[in-house]
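Structural overview
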Amino acid sequence: MKILVPVKRVVDYNVKVRVKADGTGVDIGNVKMSMNPFDEIAVEEAVRLKEKGVATEVIAVSCGVAACQETLRTAMAIGADRGILVETDVELQPLAVAKLLKALVDKEQPGLIILGKQAIDDDANQTGQMLAALADLPQATFASKVEVAGDRVEVTREVDGGLETLSLSTPAVVTTDLRLNEPRYVTLPNIMKAKKKPLDTIKPADLGVDVAPRVKTLKVAEPAGRKAGIKVADVAALVDKLKNEAKVI
Ligand code: AMP
């Protein structure tokens, strides 16, 4: 079974992003970029399935600017066998990515597609679901455990108040939650090995997909700043303020 793992290049989770002065988006000039954390979990899961002998090949795919090659090399350093870059300078929205992935699913015929549950830059949480709809495949989102048995995959999901286990026929779409696994550290020898792994670059037009944005961002604004707090002298003063100023007791 082949596993396809879409990996997105996003602003590193440690970076405090700044909104551009004109409110059109966030400033990503000179900012550290990394693989979306949920996608690292997806690559790790796919590689573990390969190590268990369940998967035969792990293919990482990234859609975006030429620099997404670095993200693909990271995926290959974790253990993906090859990479596909769908290169474009157009700002890609989830529907466009889902259409590109659908075209790649048709081409590569993977048994599983493991995506992150959401990208930490747009927080959309849409691509996996849209891909499942476009490709007419069963889906299990927010996976905290994935087990492949024969031509089915069992996925445990964290839901309100407990765990839900689904059994899907493959091919299927799975999206990862934080507790699925802890991705391994990439070692220097594996980074060196990854440089020699195959990486194909194609364009959206090669897949016959129109990636023009369909949704327009009207405005991006910083969250409102928090007002400074005060120190109260004693418990009585605190209770008085809670009662008479905040009016919460
Ligand atoms: P989103 O729907 O934008 O929150 O993204 C959910 C998941 O879709 C991500 O965790 C990735 O696995 C995948 N994805 C989104 N955008 C891209 C992209 N440009 N290239 C590759 N994978 C992507």
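By the naming in an unreviewed UniProt entry, the chain goes by Electron transfer flavoprotein subunit beta and is assigned to Paraburkholderia silviterrae. Per its UniProt entry, the chain bears the Function (unreviewed entry) comment "The electron transfer flavoprotein serves as a specific electron acceptor for other dehydrogenases. It transfers the electrons to the main respiratory chain via ETF-ubiquinone oxidoreductase (ETF dehydrogenase)." Under Subunit (unreviewed entry), UniProt gives the following word-for-word description of the chain: "Heterodimer of an alpha and a beta subunit."

**Structural notes on the site of the ligand**
The environment of the ligand is formed by 18 residues, the closest being Asp-39, Ala-119, Asn-125, Gln-126 and Thr-127. Here an oxygen atom of the ligand and a backbone polar atom of Gln-126 are 2.8 Å apart. For the ligand, whose unbound accessible area comes to 490 Å², protein coverage reaches 98%. When contributions to the shell around the ligand are tallied by element, the ones reaching two or more residues are strand 4 (57-64) and strand 6 (112-116). In terms of residues, the shell around the ligand owes the most to one element, strand 4, which gives three residues.

**Focus: the pairing of strand 7 (residues 139-149)**
Where strand 7 meets strand 10 (residues 172-176), three bridges bridge the pair, whose relative direction is parallel. Among the inter-strand pairings, Gln-139 is bridged to a residue of strand 10, identified as Val-173. Inspection of the sheet shows strand 7 paired to strand 8 (residues 152-159) by six bridges, in the antiparallel sense. Note that in strand 8 the partner of Val-146 across the bridge is Val-155. The hairpin turn running from strand 7 into strand 8, its antiparallel successor, is two residues long, and Gly-150 in that turn takes a positive phi close to 60 degrees.

**Re the side chain of Asp-81**
One can find Asp-81 in the loop between helix 2 (68-78) and strand 5 (82-87). A polar atom in the side chain of Asp-81 sits 2.7 Å from the side chain of Lys-50. A polar contact of 2.7 Å, which involves the side chain of Asp-81, links it to the backbone nitrogen of Val-58. Residues within four places of Asp-81 in sequence aside, it is in contact with Lys-50, Thr-56, Glu-57, Val-58, Met-76, Lys-197 and Pro-198.

**Things to note about the packing of aromatic side chains**
For any pair of aromatic rings, the description rests on two quantities: the centre-to-centre distance and the angle between the ring planes. Taken as a whole and assessed by the stated rule, the structure comprises zero aromatic pairs. Over the ring of Phe-142 we find Lys-117; its NZ or CZ atom is 5.0 Å from the centre of that ring.

**Remarks on the sheet that holds strand 10**
In spatial order, the strands read 9-8-7-10-6-1-4-5-11; together these nine strands make up an open sheet with mixed pairing. Only two strands of the sheet have a single neighbouring strand rather than two, namely strand 9 (162-169) and strand 11 (199-202). With direction set aside, neighbouring strand axes in the sheet form an average angle of 30 degrees.

**Concerning helix 3 (residues 94-108)**
Across its 15 residues, helix 3 extends 20 Å between first and last C-alpha, which sits within 8% of the 21 Å expected from 1.5 Å per residue. Pro-94, Ala-96, Val-97, Ala-98, Leu-100, Leu-101, Ala-103, Leu-104, Val-105 and Glu-108 are the residues of helix 3 that are buried. Each element contacted by the buried residues of helix 3 is listed here: strand 1 (2-6), strand 4, strand 5, strand 6, helix 4 (127-135) and strand 11.

**Focus: the state of the cysteines**
Counted by the stated rule, this structure contains zero disulfides. Distance from the sulfur of Cys-63, which forms no disulfide, to the nearest cysteine sulfur (Cys-68) is 8.0 Å. Here Cys-63 falls in the buried class, since its relative accessible area comes to 16%. What makes Cys-68 buried here is its relative accessible area of 3%.

Cut-offs used in this document
Residues numbered from 1 in each chain as written. Predicted model: local features only at pLDDT ≥ 70, side-chain atom pairs only at ≥ 80, totals over all residues. Heavy atoms only, no water. UniProt positions renumbered as here; feature names shortened; annotations may be inferred. Near = heavy atom within 4 Å. Polar contact = N/O pair within 3.5 Å; in protein donor to acceptor, adjacent residues only side chain to side chain. Areas by Shrake-Rupley, 256 points an atom, 1.4 Å probe, with all protein chains shown as cover. Helix = DSSP H or I, 4+ residues; strand = E, 2+ residues; numbered from the N terminus. Pairing = 2+ DSSP bridges. Contact = heavy atoms within 4.5 Å. Phe/Tyr/Trp six-rings, centres within 6.5 Å; stacked < 30°, edge-to-face > 60°. Lys NZ or Arg CZ within 6 Å of the ring centre and 35° of its normal. Axes fitted to C-alpha atoms, helices over the stretch in contact; angles between N-to-C directions. Expected span 1.5 Å × (residues − 1). Buried < 20%, exposed > 50% of the residue type's maximum accessible area, 1.4 Å probe, protein only. Disulfide = S-S within 2.5 Å.

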